[in-house]
Amino acid sequence: MTPTSACSSPARSLGDTGITPLSPSHTVNDADANVSEQQTCLVVVAVDFGTTSSGYAYSFTKEPECIHVMRRWEGGDPGVSNQKTPTTILLTPERKFHSFGYAARDFYHDLDPSEAKQWLYLEKFKMKLHTTGDLTMDTDLTAANGKKIKALEIFAYALQYFKEQALKELSDQTGSEFENSDVRWVITVPAIWKQPAKQFMRQAAYQAGLASPENSEQLFIALEPEAASIYCRKLRLHQMIELSSKATVNGYSSSDTVGAGFAQAKEHVRRNRQSRTFLVENVIGEIWSELEEGDKYVVVDSGGGTVDVTVHQIRLPEGHLKELYKATGGPYGSLGVDYEFEKLLCKIFGEDFIEQFKIKRPAAWVDLMIAFESRKRAAAPDRTNPLNITLPFSFIDYYKKFRGHSVEHALRKSNVDFVKWSSQGMLRMSPDAMNALFKPTIDSIIEHLRDLFRKPEVSTVKFLFLVGGFAEAPLLQQAVQAAFGDKCRIIVPQDVGLTILKGAVLFGLDPAVIKVRRSPLTYGVGVLNRYFISADQSVALGELVKRSYTPAKPSQLVIVINIYSSELDSVSFITDPGVKKCGTLRLDLTGASGAAVPTRREIQTLMQFGDTEIKATAIDVATSKTHLHLLTSTLTVLSLPLTLAITRLNFSREDENSQG
């Protein structure tokens, strides 16, 4: 990996690195000729790397109608489905990988408290990539014991774990050793992630050995709501719940409670989980068959960390998809409910105690949040009986040592009337108290969707597909149904927690299913020309932008093309507010001695976009030397992952006269 220091000035010692335009840019659509050739593979393996839980699924390319979900995970929680495994990782005191998922959590739980302080336990760390504004390869994560470790190292460990698990399962199933070169990997990411986060995930996958910069096409990045959309195309009537339906669907009607209907669906999934093989018929599902050319629908991916929303339009006769509005969303995942519970504990027991307890008894804190997770999933709009949350003994004991009185005394003095103390050593929460913990997060989701539905592109949608792990929550289902049931038909897939995973497999089998995407950002380079494709403009799969430049001086040894981005579509100068430098494309001009080099040396750049990632290539026409690296600040990767636009931005006004 290129050292971080090299990225800030990649050619400082080589003199002038500037460029000037040689010819106007022109945009071509060359999807057939220029989309990178897909690697031939025997199997597609998709990894759904979630904030709270993760898993993988696969399909052999000769049997694309069969999607196999990973083997049953060891461990699990009472009352919690283990379709996937928790996104938890444990490192030894020497910072070596020990275990992942249930195995990591259970081992950490069994450690003596004094010993646990030496081990590095991390959970729900994916959100760090979304919330860190200056993400780099050196960004740290904080373990439960307060120690820091490189985020890249943790993500690479996790992906390497899934790689080893998947290859072992494939080898066991086929009866022969399965090589990584036989696999096309797909990793899911939120569509609203900024480009450095997507690049970070690709770099972690390279470090984990899933693919390499030299063989980048072995790895695909799938956008989570897009993957869900692809799978929803295949839904049959028995595989879904229509919340807004007045007619009977799946044996129950809208007069039934949302929770009761979903409980039936979960029971159906549980009974059919042993084989863990799902048949995806090579036909369009019944709901999908009702869509006509130009019909619109919304996919709301409600996960642990984020809510991701995309708007798609059907294109017949092939059933390809067109993105109508750029992906939106925010940090409105189910973690928000956990944060509200933590705030409630702080109100009852004191923020100072809770912070100390998390540091001094990290394993017990994990136990407490596991107990809350189980009760959280039992919350429902029509629930009348209280929910009991077990407090670990070490919580009760440590609180008495910390405060000098009991937790029961703290509850009596807290003025929190809706939480009581049970003689069995539990917090007893009323249903209203539990529902109140959901309210801020659900309100944020509903308000975001209301804003989206006010957009002209979204005002006439026919369906709303609610997917993701948080979509299992009856409280969220009821809120979405109440707010939008009169505007569109609201569909929840039965196996809602696996929707993205299965869709990611289908995407890996046919990456060209999304034909047109919307650019979330405006992108450009600092030259004087103003040809552009702006933010929120439609870009077709495989569309190219070609540009030609020439070195500012004939004696240059290197040129550096700086790339800038903005959320606005009407920017003119790289010093305008909101314009940020996000990448650098560097081309070495040495090595042409002895060859006839034209006075106006042509450097041609190609940028291919409209896919989930954008790829950039610079070619020195005189020497045919090609450079594929695209850097974002201190990140070094082969491609710039996003669905974006290409624009040319001017230099600042002060620099206009000095740029040739």
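Residues numbered from 1 in each chain as written. Predicted model: local features only at pLDDT ≥ 70, side-chain atom pairs only at ≥ 80, totals over all residues. Heavy atoms only, no water.

Chemist: It is not clear to me how the overall build of the chain should be interpreted in this structure. Could you clarify?
Modeler: The secondary structure content of the chain amounts to 18 helices and 34 strands. The 660 residues of the chain split such that 57% are buried. Put simply, 74% of the contacts in the chain that link residues at least 6 apart link residues at least 24 apart. Of the accessible surface of the chain, which amounts to about 26,900 Å², a share of 49% is contributed by carbon and sulfur atoms. (Helix = DSSP H or I, 4+ residues; strand = E, 2+ residues; numbered from the N terminus. Buried < 20%, exposed > 50% of the residue type's maximum accessible area, 1.4 Å probe, protein only. Contact = heavy atoms within 4.5 Å. Areas by Shrake-Rupley, 256 points an atom, 1.4 Å probe, with all protein chains shown as cover.)

Chemist: Please clarify how the sheet that holds strand 8 (residues 120-123) should be interpreted in this entry.
Modeler: One open sheet holds the three strands; their spatial order is 7-6-8, and the pairing between them is antiparallel. The strands lining the two open edges of the sheet, one partner per strand, are strand 7 (97-100) and strand 8. With strand direction ignored, the average angle separating the axes of adjacent strands in the sheet is 15 degrees. Pairing of strand 6 (residues 88-91) with strand 7 involves three bridges; the strand directions are antiparallel. In the sheet register, Leu90 faces strand 7, and the bridge partner there is Ser99. (Pairing = 2+ DSSP bridges. Axes fitted to C-alpha atoms, helices over the stretch in contact; angles between N-to-C directions.)

Chemist: Got a minute to help me understand the nonpolar core in this structure?
Modeler: Looking at soluble globular proteins, one finds that nonpolar side chains tend to be buried together. Phe155, Leu159 and Phe349 are the most contacted members of the largest nonpolar core, which totals 149 residues. Here this core takes twelve residues from helix 6 (residues 151-174), the largest share from any one element. Residue-level mapping places this core at the junction of two domains, with at least three residues from each of domain 1 (43-224) and domain 2 (335-436). Ignoring sequence-local partners within four residues, the contact set of Phe349 consists of Phe395, Tyr399, Arg403, Val407, Ala410 and Leu427. Counting eleven residues, the second-largest nonpolar core is a separate cluster that includes Tyr523, Tyr549, Cys582 and Leu589. (Core = buried A, V, L, I, M, F, W, Y, C linked by side-chain atoms within 4.5 Å. Domains from an automatic or database assignment.)

Chemist: Any chance you could explain the side chain of Ser59 here in plain terms?
Modeler: Relative to the helices and strands, Ser59 is located in strand 3 (residues 53-60). A relative accessible area of 0% means that Ser59 is categorised as buried. Among the polar contacts listed, one links the side chain of Ser59 to the backbone oxygen of Glu63, at a separation of 3.3 Å. Excluding anything up to four places from it in sequence, Ser59 contacts Val43, Val44, Pro64, Cys66, Val505 and Leu509. (Polar contact = N/O pair within 3.5 Å; in protein donor to acceptor, adjacent residues only side chain to side chain.)

Chemist: Can you walk me through the environment of Arg601 in this structure?
Modeler: As for its placement among the helices and strands, Arg601 is situated in the loop between strand 28 (580-588) and strand 29 (603-609). Counting along the chain gives 47 residues from Arg601 to Pro554, while the straight-line C-alpha distance between them is 7.9 Å.

Chemist: How should helix 8 (residues 224-232) be read in this particular structure?
Modeler: The element helix 8 is extensively covered by neighbouring structure, given that nine of its nine residues are classed as buried. Looking at helix 8, one finds that the buried residues are Glu224, Pro225, Glu226, Ala227, Ala228, Ser229, Ile230, Tyr231 and Cys232.

Chemist: Looking at this structure, how should I read the packing of aromatic side chains?
Modeler: Any aromatic ring pair is given by two values, namely how distant the centres are and how the planes are angled relative to each other. If you walk through the whole model with that rule in mind, you get 31 aromatic pairs. For the ring pair Phe97 and Tyr157, a centre distance of 5.8 Å and an interplane angle of 35 degrees mean the geometry is tilted. Placement of Phe97 in strand 7 and of Tyr157 in helix 6 is noted, with a sequence separation of 60 residues between them. Look at Phe97 and you get partly exposed, because its relative accessible area is 29%. According to the relative accessible area criterion, Tyr157 is buried, its value standing at 19%. Here Phe155 and Phe200 contribute two aromatic rings whose centre-to-centre distance is 5.5 Å and whose plane-to-plane angle is 85 degrees, an arrangement assigned as edge-to-face. One end of the pair, Phe155, is in helix 6; the other, Phe200, is in helix 7 (residues 195-208), and 45 residues separate them in sequence. The same class applies to Phe155 and to Phe200, which are both buried. Members of the aromatic cluster, each reached through a chain of ring pairs, are Phe349, Phe353, Phe357, Phe395, Tyr398, Tyr399 and Phe402. Of note, Arg450 hangs over the ring of Phe484, and the distance from its end group to the ring centre comes to 5.9 Å. (Phe/Tyr/Trp six-rings, centres within 6.5 Å; stacked < 30°, edge-to-face > 60°. Lys NZ or Arg CZ within 6 Å of the ring centre and 35° of its normal.)

Chemist: Would you explain unusual backbone geometry in this entry?
Modeler: Apart from glycine, the bulk of residues carry a negative phi angle, and the bulk of peptide bonds sit in the trans form. Unusually for a residue other than glycine, Lys124 sits at a positive phi of about 55 degrees. Topologically, Lys124 is positioned in the loop between strand 8 and helix 5 (127-131). Taking relative accessible area as the criterion, Lys124 reaches 26% and is therefore assigned partly exposed. Even without glycine at this site, Asn415 takes up a positive phi of about 65 degrees. In this fold, Asn415 is placed in the loop between helix 15 (407-413) and strand 19 (419-422).

Chemist: I tried to follow helix 16 (residues 431-453) on my own but got confused; where do I start?
Modeler: An α-helix turns once every 3.6 residues. As a result, residues three or four positions apart point the same way. With 23 residues, helix 16 should reach 33 Å at 1.5 Å per residue; the first-to-last C-alpha distance of 31 Å fits that figure. Its axis deflected by about 40 degrees at Lys439, helix 16 carries its strongest bend there, up to four residues before the proline Pro440. (Expected span 1.5 Å × (residues − 1). Bend = angle between axes of the 7 residues up to and from the residue.)

Chemist: How do you make sense of the packing of helix 11 (residues 335-349) against helix 12 (residues 351-360) when you look at a structure like this?
Modeler: Helix packing geometry: the angle between the two helix axes and the distance between the axes. As a packed pair, helix 11 and helix 12 sit with axes 7 Å apart at the nearest point and diverge in direction by 120 degrees. Viewed along their axes, helix 11 and helix 12 adopt a mutual orientation that is oblique. From helix 11, Glu342, Leu345, Cys346 and Phe349 reach across to helix 12, where they touch Glu351, Asp352, Phe353, Ile354, Glu355 and Lys358. Here the contact of helix 11 with helix 12 is composed, by residue class, of five nonpolar, no polar and five charged. (Parallel < 35°, antiparallel > 145°, perpendicular 65-115°, else oblique. Nonpolar A, V, L, I, M, F, W, Y, C, P; charged D, E, K, R; others polar.)

Chemist: Help me understand the sheet that holds strand 20 (residues 426-429), please; the structure alone is not making it clear to me.
Modeler: Strand pairing in a sheet relies on backbone hydrogen bonds. The paired strands run either parallel or antiparallel. Across the sheet, three strands lie side by side as 18-20-19; this open sheet has antiparallel pairing. Where the open sheet ends on each side, the last strands, each with one partner, are strand 18 (387-390) and strand 19. Across this sheet, the average inter-strand angle for adjacent strands is 30 degrees, counted without regard to direction. Relative to the sheet, helix 11 contacts strand 18, strand 19 and strand 20, its axis offset from that of strand 20 by approximately 110 degrees.

Chemist: Would you explain the confidence of the model for the chain in this entry?
Modeler: Any segment with low pLDDT has predicted coordinates that should not be analysed in fine detail. On average, residues of the chain carry a pLDDT of 76, and 71% of them reach 70 or more. For residues 268-275, every residue scores under 50 in pLDDT, and the model assigns this stretch eight contacts once sequence neighbours within four places are set aside. Note on residues 628-660: pLDDT under 50 across the span, and 155 contacts to partners over four residues away in sequence or across chains. (pLDDT = per-residue confidence, 0-100.)

Chemist: What is the right way to read the side chain of Glu340 from this model?
Modeler: You can see Glu340 is positioned in helix 11. Residue classification places Glu340 among the buried residues on the basis of a relative accessible area of 19%. Apart from the residues lying within four places of it in its own chain, the contact partners of Glu340 are Leu437 and Pro440.

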